[in-house]
Amino acid sequence: MQPVPIPCSAEHIPNATGRDAFDAAYQAAKTANAVYVGIERRGQRWTVKADTLTALQHTVGDATHDAIRAAAIRLARSGEIRPDSGPGPVHYTLYGVASEERARELAAALHAALYGDLQPLLRSVPAP
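The present account deals with the structure reproduced in this document. In this text the structure is predicted, and so the values were computed from the model without any measurement. (Residues numbered from 1 in each chain as written. Predicted model: local features only at pLDDT ≥ 70, side-chain atom pairs only at ≥ 80, totals over all residues. Heavy atoms only, no water.)

1. Comments concerning the overall build of the protein chain
Inclusion rule: Segments assigned H or I by DSSP are reported as helices when at least four residues long, segments assigned E as strands when at least two residues long, and all are numbered from the N terminus. In this setup the radius of gyration rests on C-alpha atoms only. A globule is expected at 2.2 Å times the number of residues raised to 0.38. Contact criterion: two residues are considered in contact whenever any of their non-hydrogen atoms come within 4.5 Å of each other. All accessible areas in this document rest on Shrake-Rupley with a 1.4 Å probe, and a residue is counted as covered only by the protein chains that are shown. Neither His nor the chain ends is counted toward charge; the positive residues are Lys and Arg and the negative residues Asp and Glu. Positions of charges follow a simple convention, taking NZ of Lys, CZ of Arg, CG of Asp or CD of Glu.
What the protein chain contains, in helices and strands, is four helices and four strands. Start at the N end of the protein chain and walk to the C end: the helices and strands fall as α-β-β-α-β-β-α-α. Expected size for 128 residues packed as a compact globule is a radius of gyration near 14 Å; at 13 Å, the protein chain falls within 12% of this value. When contacts within the protein chain are restricted to residue pairs at least 6 apart in sequence, those whose partners lie at least 24 apart make up 57%. Accessible surface computed for the protein chain: about 6800 Å², of which carbon and sulfur atoms make up 52%. Charge centroids of the protein chain, computed over 13 positive and 13 negative side chains, lie 5 Å from each other.

Spelled out as structure tokens, the structure:
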């Protein structure tokens with residue numbers, strides 16, 4: 001599996017549905033020393049995952065973490081993701097996304113935020 005670009009655009013987010021696909025995508029991120037990002041189909045819904053442990057010495061600043069957490073809270077309150085989603089600080093999981101397209105958009109925005117660019121996240125999940 002090819003490593004994803006940094007930050008990863010929506011069309012390059014790997015579909016990591018299934019153990020083999022997840023393992024391949026996660027290993028590719030580790031090999032590239034990059035933050036893992038992927039989407040997984042779970043029944044009729046999608047899950048967005050990101051993990052900073054694949055990128056040695058990658059840190060997420062407090063402002064970035066706070067912005068991601070606030071976006072996740074807005075998504076949960078609107079019903080767009082499940083309230084048991086985990087917005088970091090190391091593993092980021094957004095459960096219950098309605099479509100693959102929206103999951104890719106959120107995954108790309110999350111990945112960009114984890115690399116310091118909050119603009120895609122703010123566009124994808126605007127503040128009220």
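2. Some remarks on empty space enclosed by the protein
Where we set the bar: Only protein atoms enter the 1 Å grid used here, on which a cavity is any set of points holding a 1.4 Å probe that cannot leave and a pocket is any open set flanked by protein within 12 Å on both sides along at least five of seven lines; residues with an atom within 4 Å of a point are listed as lining. Grid points are joined across faces, edges and corners, and a volume is the space filled by probe spheres set on the points. Polarity classes work like this: nonpolar for Ala, Val, Leu, Ile, Met, Phe, Trp, Tyr, Cys and Pro, charged for Asp, Glu, Lys and Arg, and polar for all others, with Gly in that last group.
Within the structure shown, the criterion is met by two cavities of 30 Å³ or more. As a volume, the second largest cavity reaches approximately 60 Å³. Lining of the second largest cavity is provided by Ile68, Ala71, Ala72, Leu75, Leu94, Leu106, Leu110 and Leu121. Considering every element that reaches the lining of the second largest cavity, the biggest residue donor is helix H2 (residues 62-77), with four residues. Residue classes in the lining of the second largest cavity are distributed as eight nonpolar, no polar and no charged.

3. Examining helix H3 (residues 100-114)
So the rule is basically this: A helix is expected to span 1.5 Å for every residue after the first. Only protein chains enter the area calculation, which uses a 1.4 Å probe; residues under 20% of their type maximum are buried, those over 50% are exposed, and those in between are partly exposed.
Between its first and last C-alpha atoms H3 spans 21 Å; for 15 residues at 1.5 Å apiece the expected length is 21 Å, and the two agree. Across the 15 residues of H3, twelve count as buried, placing the element largely inside the fold. If you check which residues of H3 are buried, you get Arg102, Ala103, Arg104, Leu106, Ala107, Ala108, Ala109, Leu110, His111, Ala112, Ala113 and Leu114. Where H3 is buried, its residues meet strand S1 (36-42), strand S2 (45-51), H2, strand S4 (91-97) and helix H4 (119-124). Two residues or fewer after H3 comes Gly116, characterised by a positive phi angle close to 100°.

4. Brief notes about the packing of H2 against H3
The relative placement of two packed helices comes down to the angle between their axes together with the axis-to-axis distance. Under the convention used in this document: The convention used is that axes are lines fitted to C-alpha atoms, helices contributing only their stretch in contact, and that angles between N-to-C directions extend from 0 to 180 degrees. For classification purposes, angles smaller than 35 degrees are called roughly parallel, those larger than 145 roughly antiparallel, those between 65 and 115 roughly perpendicular, and all remaining angles oblique. By definition, any crossing whose near helix is turned counterclockwise from its far helix by less than a right angle is left-handed, and any crossing with a clockwise turn is right-handed.
Direction vectors running N to C along H2 and H3 enclose 160°, while the axes themselves pass 9 Å from each other. Judged on the interaxial angle alone, H3 and H2 are roughly antiparallel. Once H2 is placed against H3, the crossing between them reads as right-handed. Residue-level inspection shows Thr64, Ile68 and Leu75 of H2 in contact with H3, the latter providing Arg102, Leu106, Leu110, Ala113 and Leu114.

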